[in-house]
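Each chain, letter by letter, is given below.
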Amino acid sequence: MCGIIAGVSSTPIAPYLLEGLERLEYRGYDSVGIAVAGGSHLVMRLRSTKRVKDLGRRVRDLDVPRLGTIGIGHTRWATHGEVSTRNAHPHNDCTGRLAIVHNGVIENAAELRELLVGLGHGFGSDVDSEVVAHLVEEARAGSSLLDAVREATDALVGSWALAVFDGTTDELVVASHQSPLVVAHSVHGHFAASDIGAIAPWVEDFQVLEDGDVVEINASPRWHRREGLPPEPELRARPPMHVQPSLVVHADYMSKEIEEQPEVAARIMTELGPRVADGELWRSLGLPDFARVTFLGCGTSLNAGRALGQLLTRNSGVPHQCIVASEVATASVEDKTLVMALSQSGETADVLRALSSNLLGSAPVLAVTNVGHSALGRRADAVVECSAGPEIGVAATKTYMAQLLTGTCIILSALVARGTLDPVRAAQLVGDLQRAPDLLAQAIGASRRAVPAIAEATSEAPGFLFLGRGAGWRFAEEGALKLTELTYRWAVSYPAGELKHGPLALVERGTPVVVVDDQARRLAVDISEVAARGGRVVRIGGPGSTIPALGNREATVLGIPWCGPFESVVAMQVLARELALTLGCDVDKPRNLAKSVTVH
Ligand code: M6R
């Protein structure tokens, strides 16, 4: 989703902006732009609805050395206004000397626009963000840019990470409120970005803006903060840099990331496994004891939370609830609740907003994320990283598996530490979990063999049902989400016992019904009810099923009752990808979706 980079350097800033924007590409975007100080002190703006590389070509066609050493850049994921060049950031004020980029949502944009139009301002786009450029313009007379941005942000309702520069004075100011922004200084220059990853190669450490901060970016930055905060936030060490993985033998990132799941599982069990059965993993987090757990997340991360909640309560009796982060307003959190916030990116606005609301009370927050230095990691009281490695495909695959295994290790360890799980039993369960890489590898092989024919046979189907019972239902939910986001076909999941209470009405001859068949009690009856109506049953189960991804589960105590048939998810990932490819969809970048959902 939207990303920001801004900087001042002693050499032309455009190459830095373009490289930073390329590093933000993985988040997903539909237009891109930069504004730099031109040779004659004008703001030069270049915008495109194509890729960053296209913008780069256009910049190189200009005379780069003549471009200025100060500028801002942005990747946009449309929220207000269609995808078009005129709606791409940066936006200008009426004079053309100010340029701004913005992440977040200005909730009172319509009122502000009306007010500004009444004052004579002309707008060049449909986006909410443009009001900021005109508000700063209004406040600019006689004021420094820092003061003008302060005054402008006082009028805003909503969330913002902003970078504003004045091409006539070379002032660059950034501001943040409920949208992440960091600043960093080095021999290369002075930078700001919505994600430290964008500027990581040029800096050693960085500072994070708090809500309400407004900062002038230059050699001697001025930092304006809310009352009560120290004059400047602490310096944080730059996180290790990930090199964009190459595809090597894979056709797409999703294929690569599905294939990596056994390796990810092995890594997690090597890192966390030895600290589970003695409770050390939990104790090292320094969190208080809990009586119940609230799992918080969105999309696939929420599905991982739902599976974890089910295994927690079924196996230990510790109650749980799952909160859809965007629905936190309906949540009620009791005493002695632990909040486990799950997010692969750690930047999901709905999750961050839920945590900053008062609705979760003072419950301690444990972040389970693939990006420990993310905004979620910084907000949480403790963090456990999922160690899945960079995930490029928009559809979460290996990060889901990593959340599941990491969360299971944390839960087991916590139960030992609080005396509700015998360490010997915990050690047996960890022993079983060590089999996860093999189970996943077996599931990948079986799915790759069986799925292409199923994808071919179901390619005309307008929609899919996903069923399971108990833990299997939780995995079926993730299967349905994967299929929806990749194939643009509807897919709904139900506990199989609900069939007769409504969804059976959808089943007609040929309707594909995917069943996570872990031999749960009464599942065979559900399957025969579908088959009796001509539904095409796709059974993900043991030997002899349509996709024999579950292998022979009798040899392990892991599958039932602890984690459930988690490797069934692999089969559904492969099915979603295969069908999407059959339908000609882009499996790494499904339409309308972004990797990092930074607006709410
Ligand atoms: O980064 P997060 O895990 O917080 O993202 C949450 C969802 O946006 C994400 O899981 C989304 O549903 C995925 N694209 C699903 O594959």
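Residues numbered from 1 in each chain as written. Predicted model: local features only at pLDDT ≥ 70, side-chain atom pairs only at ≥ 80, totals over all residues. Heavy atoms only, no water.

**Structural notes on unusual backbone geometry**
Residue Pro90 is reached from His89 by a cis peptide bond, and omega for that bond is 0°. By the element assignment, Pro90 lies in the loop between strand S4 (70–76) and strand S5 (91–92). The residue Tyr488 is not glycine, and still its phi comes out positive at about 60°. Of note, Tyr488 is situated in the loop between helix H15 (471–487) and strand S21 (490–495). Residue Tyr488 is classed as partly exposed on the basis of its relative accessible area of 28%. Positive phi, normally seen in glycine, also occurs at Gln519, with a value near 65°. When its relative accessible area of 64% is taken as the criterion, Gln519 is described as exposed. (Helix = DSSP H or I, 4+ residues; strand = E, 2+ residues; numbered from the N terminus. Buried < 20%, exposed > 50% of the residue type's maximum accessible area, 1.4 Å probe, protein only.)

**With respect to the sheet that holds strand S18 (residues 365–369)**
Within the open sheet, the 5 strands sit side by side as S16-S15-S17-S18-S19. Their pairing is parallel. Either end of the sheet is taken by a strand with one partner, and the two such strands are strand S16 (320–324) and strand S19 (382–385). Looking at each pair of strands side by side, their axes are set apart by 20° on average, direction ignored. In terms of strand pairing, S18 meets S19 through 4 bridges, oriented parallel. Looking at S19, one finds that Val368 is bridged to Val384. Packed on one face of the sheet, helix H10 (residues 349–356) meets strand S15 (292–297), strand S17 (337–343) and S18 and runs near 140° to S15. (Pairing = 2+ DSSP bridges. Axes fitted to C-alpha atoms, helices over the stretch in contact; angles between N-to-C directions. Contact = heavy atoms within 4.5 Å.)

**Some details on the site of the ligand**
By nearness alone, 14 residues border the ligand, and Ser301, Ser343, Ser345, Thr348 and Glu485 come closest of all. At 2.6 Å, a side-chain N or O of Ser345 approaches an oxygen atom of the ligand. With respect to the ligand, the side chain of Thr348 contributes an N or O atom lying 2.4 Å from an oxygen atom. In isolation the ligand exposes 410 Å². Once the protein is present, 91% of that is buried. Secondary structure elements with two or more residues in the shell around the ligand: helix H9 (299–316) and H15. Ranked by residues supplied to the shell around the ligand, first place goes to H9 with 3 residues. (Near = heavy atom within 4 Å. Polar contact = N/O pair within 3.5 Å; in protein donor to acceptor, adjacent residues only side chain to side chain. Areas by Shrake-Rupley, 256 points an atom, 1.4 Å probe, with all protein chains shown as cover.)

In short, shape yes, function no, at least from these values alone.
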